[in-house]
Amino acid sequence: MIYVDADACPVKAEIERVGTRHKVQMFVVSNGGIRPSPNTLVQTIVVPDGPDVADMWIADRATKGDVVITGDIPLAARCVENGAQVLKHNGEPLTSANIGNVLATRDLMADMRAADPFRQGGGKPFSKADRSRFLDALERALRAAKG
């Protein structure tokens, strides 16, 4: 199965296209504002408002053989711990080998932003290359999950 942390996910259409080609059940999880897909393989899950409710829904279900798409690092850490494959929107895999460093960097950046409230930017725009990398990574992840 594919679990999508759908809030602010720039690759929902790509996930649906690749997931459909592989005939994989997909769960698109958000707290609202997402147009449901007519695709029978896509289930739109709307969770109640609240901090991390969508994340908890995904983390409670994703396990070995599943693929999770998220930019949320704490969610990714929980899913990696459960044995799922995790991809960021740009195709970067989050694994047991790198999740500790990614979490530490996230925390460091949060501390830096808190120390300087006037700090601007920090993120780079999502590019065509990111989208292409994501498609390739999702294809590889689904093949690995089937194998």
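Structure: see above.
First, a word on what this report is: a plain description of the structure on this page. A quick note: this is a predicted structure, and the numbers were derived from the prediction, not measured.

Let's talk about the overall build of the protein chain
Argument step 1. Within the protein chain, the secondary structure is distributed over five helices and six strands.
Argument step 2. Order of helices (α) and strands (β) in the protein chain, N terminus to C terminus: β-α-β-β-α-β-α-β-β-α-α.
Argument step 3. The globule rule puts the C-alpha radius of gyration for 147 residues at 15 Å, and the 15 Å found for the protein chain is close to it.
Argument step 4. Within the protein chain, the proportion of its 147 residues that are buried is 37%.
Argument step 5. Contacts in the protein chain between residues at least 24 apart in sequence constitute 46% of all its contacts with a sequence separation of at least 6.
Argument step 6. Carbon together with sulfur atoms contributes 54% to the accessible area of the protein chain, which is approximately 8,500 Å² in total.
Argument step 7. Charge-centre separation for the protein chain: the mean point of 19 positive side chains lies 8 Å from the mean point of 18 negative side chains.

Examining the packing of aromatic side chains
The geometry of two aromatic rings is summed up by the distance between their centres and the angle between their planes.
Argument step 1. Summed over all chains, the structure comprises three aromatic pairs.
Argument step 2. With 5.2 Å between their ring centres and 15° between their planes, Tyr 3 and Phe 27 make a pair best called stacked. Taken together, the residues span a long stretch of sequence, with Tyr 3 in strand E1 (residues 2–5) and Phe 27 in strand E2 (residues 26–30) at a distance of 24 residues. Each member of the pair Tyr 3 and Phe 27 is classed as buried.

Side note on helix H5 (residues 128–146)
Argument step 1. For H5, built from 19 residues, the straight-helix expectation of 27 Å at 1.5 Å per residue is met to within 8% by its first-to-last C-alpha distance of 27 Å.
Argument step 2. Close packing links the buried residues of H5 with E1, helix H1 (12–21), strand E4 (67–69) and strand E5 (85–87).
Argument step 3. A side-chain oxygen of the first residue of H5 lies 3.3 Å from the backbone nitrogen of Ala 129; this N-cap is Ser 127.

Focus: the packing of H1 against H5
Argument step 1. H5 packs onto H1 with a crossing angle of 30° between their chain directions and a minimal axis gap of 10 Å. With respect to H5, the axis of H1 lies roughly parallel. Judged by the sense of rotation from one axis to the other, the crossing of H1 with H5 is right-handed. Here Glu 14, Ile 15, Arg 17, Val 18, Gly 19 and Arg 21 of H1 come into contact with H5, specifically with Arg 131, Phe 134, Leu 135, Leu 138, Glu 139 and Leu 142.
Argument step 2. Looking at the contact of H1 with H5, its residues break down into six nonpolar, one polar and five charged.

A short note on the pattern of salt bridges
Argument step 1. For the structure on display, the rule yields seven salt bridges.
Argument step 2. With a shortest N-O distance of 3.3 Å, Arg 78 and Asp 60 are connected by a salt bridge. One end of the pair, Arg 78, is in helix H3 (residues 73–81); the other, Asp 60, is in the loop between helix H2 (53–59) and E4, with 18 residues separating them in the sequence.
Argument step 3. Residue Arg 78 is classed as partly exposed on the basis of its relative accessible area, which comes to 38%.

Conventions we followed
- Residues numbered from 1 in each chain as written.
- Predicted model: local features only at pLDDT ≥ 70, side-chain atom pairs only at ≥ 80, totals over all residues.
- Heavy atoms only, no water.
- Helix = DSSP H or I, 4+ residues; strand = E, 2+ residues; numbered from the N terminus.
- Rg over C-alpha atoms; globule rule 2.2 N^0.38 Å.
- Buried < 20%, exposed > 50% of the residue type's maximum accessible area, 1.4 Å probe, protein only.
- Contact = heavy atoms within 4.5 Å.
- Areas by Shrake-Rupley, 256 points an atom, 1.4 Å probe, with all protein chains shown as cover.
- Lys, Arg positive; Asp, Glu negative; His and termini not counted.
- Charge placed at Lys NZ, Arg CZ, Asp CG, Glu CD.
- Phe/Tyr/Trp six-rings, centres within 6.5 Å; stacked < 30°, edge-to-face > 60°.
- Expected span 1.5 Å × (residues − 1).
- Polar contact = N/O pair within 3.5 Å; in protein donor to acceptor, adjacent residues only side chain to side chain.
- Axes fitted to C-alpha atoms, helices over the stretch in contact; angles between N-to-C directions.
- Parallel < 35°, antiparallel > 145°, perpendicular 65-115°, else oblique.
- Left-handed = near helix turned anticlockwise from the far one by under 90°.
- Nonpolar A, V, L, I, M, F, W, Y, C, P; charged D, E, K, R; others polar.
- Salt bridge = Lys/Arg side-chain N within 4 Å of Asp/Glu carboxyl O.

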